[in-house]
Amino acid sequence: MPNLELSLPITTSPFAALLAAFGVAKWLQVAGMHANGDAPEVEVCNGGDRIIVRTLEPLTAETLAKTYPGSLAQWILTAKNGPAPSGWSVFDYEAERKRNDEYFARRHKLRKRNLRLEDLPDEQRHEIEELEPRAAWYVAGLVNQMGALTTYNKAVKRWHACGQIYDDLVRIILTMCDGQPRAIERAQEEWESLAKKHSLEKNADLTATQIVNPEQGKGANRAKADGLNNANQQGFWLLEYFKFVGLYVAGLPRTVHGKKDRKTYVIIPSRQGLLLRWHERVFAEFQRTFYPRSAIKMDILASLCYTRTMITEWEAAQESLNIRRRRPSDFVEGLAVASFKDLGSAFAVMNVATIGLPEWVQWPDSAEKARQIAQALEEHERIVTAIGIHKDKPTGEEEQLLRDYRDFLSDRDPSLRAFFRFTTAYAEYVLREKARRFSTNNLEVIIMAQETERPKAFLPLVQTPGFRRIASAIRQSTVTQQSVNDNLYDIRYGLADELHRHSRDNADFLRVLGKFLQEYSQENGRVLERYRKRGEKVPRERVKITTEDLEQLVELVDKYGAPTVASLLIAFGYAREPGRKDDKPPSDEASTSEDDGETSEAIAEDANNPNEPF
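Please read all numbers here as calculations on a predicted model, not as lab measurements.

Thresholds, definitions, all that
- Residues numbered from 1 in each chain as written.
- Predicted model: local features only at pLDDT ≥ 70, side-chain atom pairs only at ≥ 80, totals over all residues.
- Heavy atoms only, no water.
- Helix = DSSP H or I, 4+ residues; strand = E, 2+ residues; numbered from the N terminus.
- Buried < 20%, exposed > 50% of the residue type's maximum accessible area, 1.4 Å probe, protein only.
- Contact = heavy atoms within 4.5 Å.
- Areas by Shrake-Rupley, 256 points an atom, 1.4 Å probe, with all protein chains shown as cover.
- Pairing = 2+ DSSP bridges.
- Axes fitted to C-alpha atoms, helices over the stretch in contact; angles between N-to-C directions.
- Polar contact = N/O pair within 3.5 Å; in protein donor to acceptor, adjacent residues only side chain to side chain.
- Patch = residues over 30% accessible without salt bridge, like charges linked within 9 Å, V, L, I, M, F, W, Y side chains within 5 Å.
- Salt bridge = Lys/Arg side-chain N within 4 Å of Asp/Glu carboxyl O.
- Lys, Arg positive; Asp, Glu negative; His and termini not counted.
- Charge placed at Lys NZ, Arg CZ, Asp CG, Glu CD.
- Phe/Tyr/Trp six-rings, centres within 6.5 Å; stacked < 30°, edge-to-face > 60°.
- Lys NZ or Arg CZ within 6 Å of the ring centre and 35° of its normal.
- Disulfide = S-S within 2.5 Å.
- Expected span 1.5 Å × (residues − 1).
- Core = buried A, V, L, I, M, F, W, Y, C linked by side-chain atoms within 4.5 Å.
- Left-handed = near helix turned anticlockwise from the far one by under 90°.
- Nonpolar A, V, L, I, M, F, W, Y, C, P; charged D, E, K, R; others polar.

What to know about the overall build of the protein chain
And step 1. Across its full length, the protein chain holds 24 helices and 12 strands.
And step 2. Here the C-alpha coordinates of the protein chain stretch approximately 105 × 55 × 55 Å along the principal axes.
And step 3. When each of the 614 residues of the protein chain is scored for burial, the buried share is 55%.
And step 4. A separation of at least 24 residues holds for 74% of the contacts in the protein chain among residues at least 6 apart in sequence.
And step 5. Total accessible area on the protein chain stands at roughly 27,400 Å², and carbon and sulfur atoms take up 47% of it.

What follows is the structure in structure tokens.
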């Protein structure tokens, strides 16, 4: 008995096909469990021009058709569309809203008392945690608030009506997903014949709503672009139903913090495949801990947070998969994201894009390595989250910082140009805002990840003693001196910008760097002489730069060029060395729960967005 393989073509962007594929995967899992008593292993793969869904064990159409598995998506009941159909699985929107309100009210009381949820006794903490918004709430909110409720409930109703002819419906699903030409059209024709025979709704079409088809706007999809009309696009109802199911399985809808704009993220599996059972375990935790932020921050943090969640589930992945994977992107290529702009009476699709997973993260080979990588990812999350957090609106500089970091996640550039743009601009931001800093060991992790793809490896550069000592001199003249908060040495504001501006030419860069090191050494000598005359020891001596250090740096500039050396000097010079108490700005010691924007108000804004037309 062969394994079953289904496929769904990508006709425009991958967004809609991904949702449909995950919906079909969920159907195979649930239907197989109802038929055999045990859920089959199902895998979702990126086939390039199609999304492939396959079982990893034998499964036939006859087995799938044995027992009607029930509805895969609940009928959504609101205050304006009741009563709910009798005997159906129903999502009570208003009851869930009241439950959410209670949760946020309790969290707000805790914050007023300066208490965290973790500070409560276990019984009280569990009582509040039980009220936390369920994942289905975010999907129901998306469907309701974006005017897709009628279409969604129609799809659920049609599936429910097929309970008595489920064996015929299985045949139509397999036709729709057989990967052959005109598969969807042939499935529609089969449905029309079946509907006529059993007095069901013959029309195979259903409105292709933009919440699951963001690329299908009104009037802009004519085969021949000879005009526009204001009609809704249509799709085969069964395909649309699976897209709605896919929202629950692999879709993450969120409202942009401080606005009514929306984003929906969908997981993109790799070509090697993503096991559905493991995905659901990772995705459930990802949904629970991902909160609304600004539009750009959400893109970045979705990638970082999802990767970190994958890493924390390392042991489960080892049990589930026997294929060796090198990076998280060997499981999941990234996230497809649809951005919706609130226009008051409706939402408009602004963009459909892809966010990659961090290429510098290696798949761990031990539990200890997994813990270290998760800590490194958390450092990146904290840094990104804290940018502009204490302001009503991020500045243009802060927005550009976030864009550069987002480019770094997605461009897969081994030269790390986008990352160096970020670290160079972030260096001055660190001094001005006393912001969090990267640690030098985590910078080395980023550099090592793509070493084999570079014409010249960066690691020998950053491990050169002269480079490290000069980076220490930069650090001690800037962020370290600022964190110590005394007048022993001057703080060199603007140093990163000066080094960067003069890095276009090797000789010019070496002249500016030499001038800084000369002034740095002279200041060291003056401080040493002042305390020597008093017969005292200098409270805090700085690293001494030697002629050998300078010779090594000149050789590095000749080999790598000033732009690369300058970028790495700035990145490492403004980073912190782990374990050094005098090299840590105050914000590095701050709490990460409330200060990082993960407040109950931020979550409540997303969970109970009032912009609801129905």
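There's plenty left to go through after this.
A word on the sheet that holds strand β9 (residues 262-269)
And step 1. As summarised here, the arrangement of the four strands in space is β8-β9-β11-β12, forming an open sheet in which the pairing is antiparallel. One side of each edge strand has no neighbouring strand; the edge strands of this open sheet are β8 (251-255) and β12 (347-356). Across the sheet, the mean angle from the axis of one strand to that of its neighbour is 20°, orientation sign disregarded.
And step 2. Note that β9 and strand β11 (residues 332-342) share eight bridges and pair antiparallel. Across the sheet, the residue bridging to Y265 is V337, located in β11.
And step 3. In this fold helix α9 (residues 237-250) packs onto β8 and β9, with an angle of close to 80° to the strand it touches most, β8.
And step 4. Those strands touched by helix α10 (residues 276-289) are β8, β9 and β11, and its axis lies near 5° from that of β8.

A look at the sheet that holds strand β3 (residues 50-58)
Picture the strands of a sheet paired through backbone hydrogen bonds; they go either parallel or antiparallel.
And step 1. What the four strands build is an open sheet, ordered β1-β3-β2-β10; its pairing is antiparallel. For this open sheet the edge positions go to β1 (3-9) and β10 (274-275), each flanked by a neighbour on one side alone.
And step 2. As paired strands, strand β2 (residues 42-46) and β10 are joined by two bridges and run antiparallel to one another. By the bridge assignment, V44 is partnered in β10 with L274.
And step 3. On top of the sheet, helix α1 (residues 14-36) reaches β1, β2, β3 and β10; it is set at about 155° to β1, its chief contact.

Notes on the environment of S567
And step 1. Position of S567 among the secondary structure elements: in helix α23 (residues 562-573).
And step 2. Residues S567 and R421 lie 146 residues apart in sequence; the distance between their C-alpha atoms is 8.1 Å.
And step 3. Within the structure, S567 has its side chain in polar contact with the backbone oxygen of P563 (distance 2.9 Å).

Regarding the side chain of R99
And step 1. You can see R99 is positioned in helix α3 (residues 93-112).
And step 2. The exposure class of R99 is buried, given its relative accessible area of 16%.
And step 3. Apart from residues no more than four positions distant in its own chain, R99 is found in contact with E130, L131, E132, P133 and R134.

Side note on helix α7 (residues 166-176)
And step 1. With nine of 11 residues buried, α7 lies mostly within the body of the structure.
And step 2. Where α7 is concerned, the buried positions are Y166, D168, L169, V170, I172, I173, L174, T175 and M176.

Overview of the pairing of β12
And step 1. Pairing between β11 and β12: nine bridges, direction antiparallel. Bridge pairing in β12 places V337 opposite A353.
And step 2. Linking two consecutive strands that pair antiparallel, namely β11 and β12, is a turn of four residues; a positive phi of about 95° is found at G344 within it.

Overview of a negative patch on the surface
And step 1. Taken together, the side chains of E548, E551, E555 and D558 make up a negatively charged region of the molecular surface.
And step 2. Tracing the backbone through its elements, the reader meets E548 in helix α22 (residues 547-560).

Focus on the environment of L252
And step 1. The topology assignment puts L252 in strand β8.
And step 2. With a relative accessible area of 0%, L252 lands in the buried category.
And step 3. Sequence spacing of L252 and F419 is 167 residues, and the spatial spacing of their C-alpha atoms is 27 Å.
And step 4. Among residues more than four places away in sequence, those in contact with L252 are K263, T264, Y265, F283, F286, Q287 and F290.

Concerning the pattern of salt bridges
And step 1. The tally for this structure, following the rule as stated, stands at 49 salt bridges.
And step 2. Among the ionic pairs, R97 bridges to E94, the shortest N-O distance being 3.5 Å. Placement of both R97 and E94 in helix α3 is noted, with a separation of three residues, approximately one turn of the helix.
And step 3. With its nearest N and O atoms 2.7 Å apart, the salt bridge here joins R406 to D299.

Topic: the packing of aromatic side chains
And step 1. In the structure shown here, the tally under the stated rule is 30 aromatic pairs.
And step 2. Ring centres 5.3 Å apart and planes at 75° place the aromatic pair Y405 and F422 in the edge-to-face group. Note that Y405 is positioned in helix α14 (residues 396-411) and F422 in helix α15 (residues 417-433), a separation of 17 residues in sequence.
And step 3. If you follow R254 out to its NZ or CZ, it ends over the ring of Y138, 3.8 Å from the centre.
And step 4. A cation over an aromatic ring shows up here: R542 above the ring of Y489, its NZ or CZ 3.9 Å from the ring centre.

Details of the state of the cysteines
Linking two cysteines covalently via their sulfur atoms produces the bond known as a disulfide.
And step 1. By the definition in use, this model includes zero disulfides.
And step 2. Cysteine C45 shares no disulfide, and the gap to the nearest cysteine sulfur, in C177, comes to 14 Å.
And step 3. Here C45 falls in the buried class, since its relative accessible area comes to 2%.
And step 4. When its relative accessible area of 1% is taken as the criterion, C177 is described as buried.

Overview of α9
And step 1. Taking 1.5 Å as the rise per residue, α9 with 14 residues should run 20 Å; its terminal C-alpha atoms sit 20 Å apart, in good agreement.
And step 2. Counting buried positions along α9 gives 13 out of 14 residues, so the element sits mostly inside the fold.

Description of the nonpolar core
And step 1. W27 and W159 are the most contacted members of the largest nonpolar core, which totals 173 residues.
And step 2. Counting residues per element, this core draws most heavily on α1, at 13 residues.
And step 3. Among all residues touching W159, those that are not within four sequence positions of it are W27, Y68, G70, S71, L72, Y166, L169, I173, W237, L238, Y241 and F242.

Description of the packing of helix α11 (residues 295-312) against α14
And step 1. Remark: α11 packs on α14, axes separated minimally by 9 Å, with the N-to-C direction vectors making an angle of 35°. Two packed elements cross with a definite hand, and for α11 against α14 that hand is left-handed. Seen from α11, the contacting residues are I296, K297, D299, I300, S303 and L304; seen from α14, they are E399, L402, R403, Y405, R406 and L409.
And step 2. Among the residues forming the contact of α11 with α14, the class breakdown is six nonpolar, one polar and five charged.

Considerations on the environment of K260
And step 1. Residue placement: K260 occurs in the loop between β8 and β9.
And step 2. Considered as a pair, K260 and F347 are 87 residues apart in the sequence and their alpha carbons are 9.4 Å apart.

Function-wise, these values are silent; they only describe arrangement.
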